[in-house]
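Coordinates in review
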Amino acid sequence: MSSVVQTVTDLVTPIVDEHGFELVEVEFVKEGKSWYLRVFIDKEGGIDIEECALVSEQLSEKLDNVDPDPIPQAYFLEVSSPGAERPLKKEKDYEKALGGYIHISLYQAVQDEKVYEGFLESFDENQLTLKVRIKTREKQITFDRNNIAKARLAIQF
């Protein structure tokens, strides 16, 4: 985790906790010539734009008062909902997703594929099992969690 992400996580956590929100993810990324500090928050029933604005204002004020400045370059601060395809990062995220449709990207291919979508059947600290559809057949595939680069909720079409 970068020092910027860690610093922002430390600053924003008390804000989201105070309001009963959940901190889903913090990312600091360069896109084109611009830097973006993105903070994703959520709560039961979903987060609204006013709640995002509240967290943005409070975090911005805290960031302005940190000396030395943890982010010396210019950047855009975005506070938003993780959306319908929220990332699965914590054990709690996987628990909520159990039985739901998810998308995973792998570091190394399994059965010649590096991307899978399916229903999360089970998981533990070492592996997870998806029920996937391959052509017309449903099949259970178990993945080593160390091989999962990214996991997120998915929308089934």
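This is a predicted model, so every value here is computed, not measured. (Residues numbered from 1 in each chain as written. Predicted model: local features only at pLDDT ≥ 70, side-chain atom pairs only at ≥ 80, totals over all residues. Heavy atoms only, no water.)

Some remarks on the overall build of the chain
The cut-off we apply is this: Only DSSP runs of H or I with at least four residues qualify as helices, and only runs of E with at least two residues qualify as strands; both kinds are numbered from the N terminus onward. Each residue's exposure class comes from its accessible area (1.4 Å probe, protein chains only) as a fraction of the maximum for that residue type: buried when under 20%, exposed when over 50%, partly exposed otherwise. Only the protein chains shown count as cover for residues, and all accessible areas are computed by the Shrake-Rupley method using a 1.4 Å probe. The charge count includes Lys and Arg as positive and Asp and Glu as negative, but it does not include His or the ends of the chains. Lys charges are placed at NZ, Arg charges at CZ, Asp charges at CG and Glu charges at CD.
When you go through the chain residue by residue, the secondary structure sums to three helices and eight strands. Summarising its shape, the C-alpha atoms of the chain cover approximately 55 × 35 × 30 Å along the three principal directions. Scored against the burial criterion, the 157 residues of the chain give a buried share of 36%. Accessible surface computed for the chain: about 9,700 Å², of which carbon and sulfur atoms make up 47%. Taking the average location of the 19 positive side-chain charges in the chain and that of its 30 negative ones, the two points are 9 Å from each other.

Thoughts on the packing of aromatic side chains
Keep this limit in mind: Pairing of aromatic side chains here covers Phe, Tyr and the six-membered ring of Trp, requires ring centres within 6.5 Å, and sorts the geometry by plane angle: under 30 degrees stacked, over 60 edge-to-face, intermediate tilted.
On inspection of all chains with the given rule, the structure shows six aromatic pairs. Measuring from ring centre to ring centre gives 5.3 Å for tyrosine 36 and phenylalanine 76, while their planes differ by 25°; the resulting arrangement is stacked. Pair noted here: tyrosine 36 is in strand 2 (residues 34-42) and phenylalanine 76 is in strand 3 (residues 76-80), with a separation of 40 residues, a long-range link. An aromatic cluster of three or more residues is present, and its members are Phe28, Trp35 and Tyr75.

Re the UniProt feature "domain: Ribosome maturation factor RimP N-terminal" (unreviewed entry) in the chain
Counted only if it meets this: UniProt positions are given in the numbering used here, feature names are shortened, and annotations may be inferred rather than shown by experiment.
Within this numbering scheme, the UniProt entry marks residues 11-85 as carrying the feature "domain: Ribosome maturation factor RimP N-terminal" (unreviewed entry). Structurally, residues 11-85 comprises 32% helix and 32% strand, and the distance from its first C-alpha atom to its last is 25 Å.

Side note on the sheet that holds strand 4 (residues 101-110)
Note the cut-off: Being paired, for any two strands, means DSSP has found at least two bridges between them. Only C-alpha atoms enter the line fits that serve as axes; for helices the fit covers just the stretch in contact. Angles between N-to-C directions range over 0 to 180 degrees.
Judged by pairing direction, the sheet is antiparallel, and its five strands sit side by side in the order 7-6-5-4-8 without closing on themselves. For this open sheet the edge positions go to strand 7 (137-144) and strand 8 (148-153), each flanked by a neighbour on one side alone. Direction aside, neighbouring strands of the sheet carry axes that sit 40° apart on average. Strand direction decides the pairing type here: strand 6 (residues 127-134) and strand 7, joined by eight bridges, are antiparallel. Each bridged residue has a counterpart across the sheet, and for lysine 131 the counterpart in strand 7 is glutamine 140.

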